[in-house]
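Observations on the model geometry
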Amino acid sequence: MKTCIIIGAGGRGKDAYAPYIHEKKLFKIVGVVEPDKQKREQFQARYDLPDDMCFSDYKVMFSKGRLADAVLICTQDRMHIEPTLLAKKCGYHILLEKPIAPTLREVKLLEKAFEGYDKVFMTGFVLRYTPFIEKIKEIIRDGEIGEIVNLQLNENEGFWHHAHSYVRGPWSQSKTSSPLIVAKSSHDMDLLLYLVGSSCTYLSSYGDNTYFRPENAPGDVPDRCTDGCPFADTCIYNAVEQYTNGKAQYFVHKFECGTEKEDIINALKTNPYGRCVYRCDNDVCDHQVVCLEFENGVTAMFTVSAFSLENNRTLKLMGTKGEVGGCMETGEILLKKFSDMSETKFQIEHDGTKHCGGDGGLMEQFARAVDTYETAENTVDKWMFEAHKIVFAAEKARVSKQRMKL
Ligand SMILES: NC(=O)c1ccc[n+]([C@@H]2O[C@H](COP(=O)([O-])OP(=O)(O)OC[C@H]3O[C@@H](n4cnc5c(N)ncnc54)[C@H](O)[C@@H]3O)[C@@H](O)[C@H]2O)c1
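Residues numbered from 1 in each chain as written. Predicted model: local features only at pLDDT ≥ 70, side-chain atom pairs only at ≥ 80, totals over all residues. Heavy atoms only, no water.

1. Structural notes on the site of the ligand
Our working definition: Note on terminology: near, applied to a residue and a molecule or strand, indicates that one of the residue's heavy atoms is within 4 Å of it. Polar contact is the term for a pair of N or O atoms within 3.5 Å; when the atoms are in protein, one must be able to donate a hydrogen and the other to accept it, and sequence-neighboring residues count only if both atoms are side-chain atoms. Only the protein chains shown count as cover for residues, with accessible areas throughout obtained via the Shrake-Rupley method and a probe of 1.4 Å. Comment: elements are numbered from the N terminus, with helices defined as DSSP H or I runs of at least four residues and strands as E runs of at least two. Per the annotation, domain bounds derive from an automatic or database assignment of domains.
Surveying the vicinity of the ligand reveals 26 residues, the closest of which are Gly11, Arg12, Glu34, Lys39 and Asp77. Note that a nitrogen atom of the ligand is positioned 2.9 Å from one of the side-chain N or O atoms of Glu97. Contact with the protein chains removes 84% of the 840 Å² of surface that the ligand exposes when unbound. Examining the composition of the shell around the ligand, we find that three residues originate from one element, helix 1 (residues 11-23), more than from any other. When residues of the shell around the ligand are assigned to domains, at least three map to each of domain 1 (3-97) and domain 2 (128-212 + 282-405).

Laid out in structure tokens, this is it:
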């Protein structure tokens, strides 16, 4: 079995990828790099790793040469470049989490550095590996909708999810993380490229942080929801309600506190998630649209928005002979054909891993790519650079209100 090392034993490295790899025997996990002692020790115990394969610093790990076949780099957004270049130097197969880099300059730097690299280099674009997208791709391949003319993709964030991650949480500021479209939507640009099968030529984009600002507070509010806010009963963003009773309960495991209501409220008194959404230091957009034209003439409209009840993606492709669309999270696909006005419904199931089966699908694909890299025409996924260039161009277009040529 091929071997791998996980760099960054957090949400992705420890919780999403390692258990799947281990269970499906895709790789033998032989090492970990994680500065947080508690997480590192948990990981070490779970995968029975020797002390000398558990590191707190990736520089130390890389200084020892190549210790496995592959690395999964699952550190936070601004800690991607250095370990990736060190991994290349050692000759690892690399899975680097998205966004691959927080700036366009660094995306280009990676693209140049990996020209002709003969090992696998791919990113965490999980969506294209979902059974839902595979089915849509099959419908397109079978000619059911004719030639694609245009498409619409909506990334509906869910108001509670946006508040957690992009107002109170780690992706709330462009400076410390990246603009919303870079942090969240390189996935979607990859999906558009994958479905359209052509490069993007021009785009324009609009959006702002319209709502999560001090002037939209319902009145005189304290800094924290735990400080006796007079609007606690009516505010849909009340952290106590959201994290103990609402949809944001999903994120409570990140607090590293007990599961009782009291424990959660205590954590909210000091952690960033207890802050009033109108009094945070956020600056990333809460809505953005991107209008794209592709080399083959196809056009697309992409919307990312905080203002939805559910956190899901909805998609519609319009072709010369029919249309197909659906919702990735519910797995419903509806195909409508012009010739006989027929409507066919499909219900797509997945393996239960996150991102509608995309996490598992990505790991399967990474393992396959590593197994077959010697006979592959390209081992470096060129589309990942293009998807990232699109999001940076979209941000530039949004800020400058100008149309961009790619
Ligand atoms: N592909 C996807 O769909 C998807 C989904 C969510 C997040 N992400 C991306 O995955 C990356 C990780 O996100 P996450 O949610 O797992 O974050 P996280 O904060 O839960 O995990 C990151 C881990 O890296 C560790 N770390 C910090 N410095 C380190 C260092 N120098 N060396 C090694 N480890 C270090 C942290 O202690 C933490 O445990 C981010 O870039 C994020 O944007 C991708």
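2. Observations regarding helix 11 (residues 358-371)
The test is simple: Multiplying 1.5 Å by the helix residue count minus one yields the expected span of that helix. Buried means the residue's accessible area, taken with a 1.4 Å probe over protein chains only, is under 20% of the maximum for its type, while exposed means over 50%, and partly exposed covers the values in between. We call two residues in contact when some of their heavy atoms are within 4.5 Å.
For helix 11, spanning 14 residues, the distance from its first C-alpha to its last is 20 Å, which sits close to the expected 20 Å at 1.5 Å a residue. Across the 14 residues of helix 11, ten count as buried, placing the element largely inside the fold. Looking at the buried residues of helix 11, the elements they touch are helix 1, strand 4 (70-73), strand 5 (93-96) and strand 6 (121-123).

3. Looking at the packing of aromatic side chains
Geometrically, a pair of aromatic rings is defined through the distance of the ring centres and the angle of the planes. Cut-off, in case you're wondering: What counts as a ring pair is set by centres within 6.5 Å for rings of Phe, Tyr and Trp (its six-membered ring), and what kind of pair is set by the plane angle: stacked under 30 degrees, edge-to-face over 60, tilted for all other angles. For a lysine, the NZ atom is tested; for an arginine, the CZ atom; a charge sits over a ring if that atom is within 6 Å of the ring centre and within 35 degrees of the ring normal.
Counted according to the given criterion, the structure contains 20 aromatic pairs. Between Phe159 and Tyr237, the ring centres sit 5.7 Å apart and the planes meet at 80°, which makes this aromatic pair edge-to-face. Placement of the pair is Phe159 in helix 7 (residues 159-168) and Tyr237 in the loop between strand 8 (200-208) and helix 9 (239-244), with a sequence separation of 78 residues. The class for Tyr237 is buried, based on a relative accessible area of 3%. Ring geometry for Tyr211 versus Tyr278: centroids 5.6 Å apart, planes at 80°, classification edge-to-face. Of the two residues, Tyr211 is situated in the loop between strand 8 and helix 9 and Tyr278 in the loop between helix 10 (261-268) and strand 9 (287-294); the sequence distance between them amounts to 67 residues. The structure contains a cluster of three or more aromatic residues connected by ring pairs, namely Phe159, Tyr211, Phe212, Tyr237, Tyr278 and Phe307. The aromatic ring of Tyr194 is capped on one face by Lys137, whose charged end is 4.5 Å from the ring centroid.

4. So, the nonpolar core
Counted only if it meets this: Here, nonpolar core means buried Ala, Val, Leu, Ile, Met, Phe, Trp, Tyr and Cys residues that are tied together by side-chain atoms lying within 4.5 Å of each other.
Counting 107 residues, the largest nonpolar core has Ile5, Leu72, Ile94, Leu203, Leu292 and Leu317 as its most contacted members. Residue contributions to this core peak at eleven residues, all from helix 8 (residues 180-196). Counting contributing residues, this core receives three or more from each of domain 1 (3-97) and domain 2 (128-212 + 282-405). Every residue in contact with Leu317, bar those within four places of it in the chain, is listed here: Ile136, Ile140, Ile145, Ile148, Asn150, Leu151, Leu195, Gly322, Glu323 and Val324. One finds Val167, Leu268, Cys276 and Val277 within the second-largest nonpolar core, a separate group that totals 27 residues.

5. Things to note about unusual backbone geometry
Lys98 connects to Pro99 through a cis peptide bond whose omega is -10°. If you trace the backbone, Pro99 turns up in the loop between strand 5 and helix 5 (104-113). Despite not being glycine, Lys401 shows a phi value in the positive range, around 55°.

6. A word on the environment of Asn296
Tracing the backbone shows Asn296 in the loop between strand 9 and strand 10 (299-305). Placed 97 residues apart in sequence, Asn296 and Ser199 show a C-alpha to C-alpha distance of 7.9 Å. Sequence-distant contacts of Asn296, defined by excluding residues within four places in its chain, comprise Val196 and Ser198. A polar atom in the side chain of Asn296 sits 3.3 Å from the backbone oxygen of Val196.

7. A look at the domain arrangement of the protein chain
Put simply, an interface is often sized by how much accessible area is lost when its parts join up. Let me state the cut-off plainly: In short, buried area is how much 1.4 Å probe accessible area vanishes from two parts on joining, totalled over both. Salt bridge criterion: a side-chain nitrogen from Lys or Arg within 4 Å of a carboxyl oxygen from Asp or Glu.
Assigned domains within the protein chain: domain 1 (3-97), domain 2 (128-212 + 282-405) and domain 3 (214-274). For domain 2 and domain 3, the distance between their C-alpha centres works out to 31 Å. Interface area, domain 2 with domain 3, both sides summed: about 1,400 Å², of which 61% is carbon and sulfur. Summed over the three residues of domain 2 that lose the most area to domain 3, namely Trp160, His164 and Arg168, the buried surface amounts to 53% of that side. For the pair domain 2 and domain 3, the interface holds one salt bridge.

8. Section: the pattern of salt bridges
If charged atoms from side chains of opposite charge come close, those side chains can pair. Under the counting rule described, the total for this entry stands at 20 salt bridges. For Arg12, the salt bridge goes to Glu97, with nearest N and O atoms at 3.0 Å. Of this pair, Arg12 sits in helix 1 while Glu97 sits in the loop between strand 5 and helix 5, and the two are 85 residues apart along the sequence. Residues Arg128 and Asp190 are paired through a salt bridge, measuring 2.7 Å at the closest nitrogen-oxygen approach. One end of the pair, Arg128, is in the loop between strand 6 and helix 6 (131-141); the other, Asp190, is in helix 8, and 62 residues separate them in sequence. Accessibility assignment for this pair places Arg128 and Asp190 in one class, buried. By sharing partners, the salt bridges in this structure join Glu155, Lys184, Asp188 and Arg313 into a single network.

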